[in-house]
Amino acid sequence: MRLLVVSTPVGTLGSGRGGGVEITARALVAGLLERGHQLTVLAAEGSTLPPSCAGAALWGETGMDQPSWQHRPRSAPVELPAGTLLGRLWRRALSHQADFDVILNLAYDWLPLWLTPHTATPVAHLVSMGSVAAVMDELIAEIARSHPQHLAFHTAAQAADFDLPQPPRLVGNGFDLGRYRFQAEPAELLGWAGRIAPEKGLEDAAAAAARLGLPLAVWGLQEDPAYARRVEASVPPGTLRWRGFLPTEQLQAELGHCAVLLNTPKWNEAFGNVVVEALACGVPVAAYARGGPAELVQEGHTGALARPDDVAALVAAVGRARRIERRRCRTWAEQHCSQQAFAARIEAWLEAVNGSALARR
Ligand code: UDP
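A brief structural summary. Bear in mind the structure is a predicted one, so any value in this text is a computation, not a measurement.

How each quantity is defined
Residues numbered from 1 in each chain as written. Predicted model: local features only at pLDDT ≥ 70, side-chain atom pairs only at ≥ 80, totals over all residues. Heavy atoms only, no water. Core = buried A, V, L, I, M, F, W, Y, C linked by side-chain atoms within 4.5 Å. Buried < 20%, exposed > 50% of the residue type's maximum accessible area, 1.4 Å probe, protein only. Helix = DSSP H or I, 4+ residues; strand = E, 2+ residues; numbered from the N terminus. Contact = heavy atoms within 4.5 Å. Arc of directions from axis to C-beta. Near = heavy atom within 4 Å. Polar contact = N/O pair within 3.5 Å; in protein donor to acceptor, adjacent residues only side chain to side chain. Areas by Shrake-Rupley, 256 points an atom, 1.4 Å probe, with all protein chains shown as cover. Nonpolar A, V, L, I, M, F, W, Y, C, P; charged D, E, K, R; others polar. Phe/Tyr/Trp six-rings, centres within 6.5 Å; stacked < 30°, edge-to-face > 60°. Lys NZ or Arg CZ within 6 Å of the ring centre and 35° of its normal. 1 Å grid on protein atoms, 1.4 Å probe; cavity = no way out; pocket = protein on both sides within 12 Å on 5 of 7 lines; lining within 4 Å. Points joined across faces, edges and corners; volume = space filled by probe spheres on them. Axes fitted to C-alpha atoms, helices over the stretch in contact; angles between N-to-C directions. Left-handed = near helix turned anticlockwise from the far one by under 90°. Pairing = 2+ DSSP bridges. Right-handed = clockwise from strand over helix to strand, strands pointing away.

### Side note on the nonpolar core
1) Next: Among the nonpolar cores identified, the biggest contains 31 residues, and Phe 175, Trp 219, Leu 261, Val 276, Leu 279 and Val 285 are the most heavily contacted of them.
2) Next: Breaking this core down by element, the ones donating at least two residues are β8 (216-219), α8 (248-255), α9 (273-280), β11 (285-288) and α12 (326-336).
3) Next: It is α9 that contributes the most residues to this core, six residues altogether.
4) Next: Not counting residues up to four positions away in its chain, the partners in contact with Leu 261 are Gly 191, Trp 192, Ala 193, Leu 255, Val 274, Val 275, Ala 278, Val 283, Pro 284, Val 285 and Ala 286.
5) Next: With 30 residues, the next largest nonpolar core counts Leu 214, Val 231, Val 235 and Ala 259 among its residues.

### With respect to helix α2 (residues 85-95)
1) Next: Here α2 has its buried residues at Leu 85, Leu 86, Leu 89, Trp 90 and Ala 93. For α2, the buried positions fall inside an angular range of 125° around the axis, keeping them on one side. Those residues of α2 that are exposed and angled more than 90 degrees off the buried face are Arg 91 and Ser 95.
2) Next: If you follow the buried residues of α2, they end up packed against β1 (2-6), β2 (38-44), β3 (57-61), β4 (102-105), α3 (110-115) and β5 (123-127).

### Focus: the site of the ligand
1) Next: If you check the shell around the ligand, you find 16 residues, and the closest are Gly 20, Arg 195, Lys 200, Leu 246 and Glu 277.
2) Next: Asn 273 is positioned such that a nitrogen or oxygen atom in its backbone is 3.1 Å from an oxygen atom of the ligand.
3) Next: Relative to its free-state accessible area of 540 Å², the ligand is covered by the protein chains to the extent of 92%.
4) Next: Top element by residues in the shell around the ligand is α9. It accounts for three residues.
5) Next: Residue composition of the shell around the ligand, grouped by class: seven nonpolar, five polar and four charged.

### A word on the packing of aromatic side chains
1) Next: Counted by the stated rule, this structure contains four aromatic pairs.
2) Next: Measuring from centroid to centroid gives 5.7 Å for Phe 153 and Phe 162, while their planes differ by 35°, and the two rings are tilted.
3) Next: Judged by relative accessible area, which is 1%, Phe 153 ranks as buried.
4) Next: The class for Phe 162 is buried, based on a relative accessible area of 8%.
5) Next: Here the basic side chain of Arg 72 rests over the ring of Trp 69, its NZ or CZ set 4.8 Å away from the ring centre.

### Let's talk about the layout of surface pockets
1) Next: When its volume is computed, the second largest pocket comes out at roughly 160 Å³.
2) Next: Split into classes, the residues belonging to the lining of the second largest pocket amount to eight nonpolar, two polar and one charged.

### Structural notes on the packing of helix α6 (residues 202-212) against helix α11 (residues 311-322)
1) Next: Interhelical geometry of α6 versus α11 gives an angle of 60° and a closest axis separation of 9 Å. Regarding α6 and α11, the two cross each other, and that crossing is right-handed. Within the contact between the two elements, α6 uses Asp 204, Ala 205, Ala 207, Ala 208, Arg 211 and Leu 212 and α11 uses Val 311, Ala 312, Leu 314, Val 315 and Val 318.
2) Next: Broken down by class, the residue content of the contact of α6 with α11 amounts to nine nonpolar, no polar and two charged.

### Section: the pairing of strand β12 (residues 303-306)
1) Next: Pairing geometry for β11 and β12, over four bridges, is parallel. Within the sheet, the bridge partner assigned to Val 285 lies in β12 and is Gly 303.
2) Next: As a crossover connection, the stretch from β11 through helix α10 (residues 291-296) into β12 is right-handed.

Structure below.
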């Protein structure tokens, strides 16, 4: 297939501002290239792709970042700032649609979803978040009725947020596992990774680390610096070790030293990339039993689950997770989250979208 992948209108690929969508984009582009498809990626100007995606054409567009839905009230209306990147990405996508079999949308946003019934080339949407806004819920429910094939979700927990008339297509996520080294020997160190923003619940991981008397290394982009300062002030000095946002190669090298990764979402996390990235390094995960992480962490096998928002339960989960054999974590990631398996699932989905569009003509 000739595929156009339209990236997130929040930040450039490679900057970390798009969150987990960036890893998803890299894995699916590299994996679909390996399977013989022709790929073009349309993203914010200045985006970069790793060498594994060198076979894809990269198109850039300038424009204002889109305000992310997760930081707006549930009842917020659709917003398109002047000079919007989202509008420009989709104008470009539509003006070239005749050159592609399927357009794959990675943006969690209103405009591309709304376009679904109105394009000549089918648009498929990989929905990257759970429910965060009424106007998005309404549109996703509408598309699920009119064009059910065109939607895919990462996990069942995420899809359950939406009003879907039939079982959702679940594609999980994929990782180039060759980039993550297994580390058998942990240090006396806990880890946490993700965008540093309130919905990610860093304060609970910090509180658990403080109770255990262990340092907590923190990797990720400070999306909300005031929130980061509040978390820092909530625990004894020295508990947190801020490591900044690191590229995957450095992130995995440091992450692999952790005894346990803590994952403490306050929202219905769609997937939880960092959970799989830790497992790929052999690091067991103690997570709140909420959203995607609750499906990725297998109690007693790849980690331990705690009742959401319960720091005492999280402390106990860290204790259980520390006893897990690290090799089993790596094996689980290889069996369930390889780039190859993910690309095969995406390919099957896009072929179905393409087939249903051809049948409709
Ligand atoms: N990440 C990274 N470097 C860091 C910290 C995080 O590249 O120092 C990446 C990580 O690999 C993951 C993403 O940031 O893919 C966060 O994705 P996740 O699904 O955990 O959460 P999201 O930000 O999408 O809500």
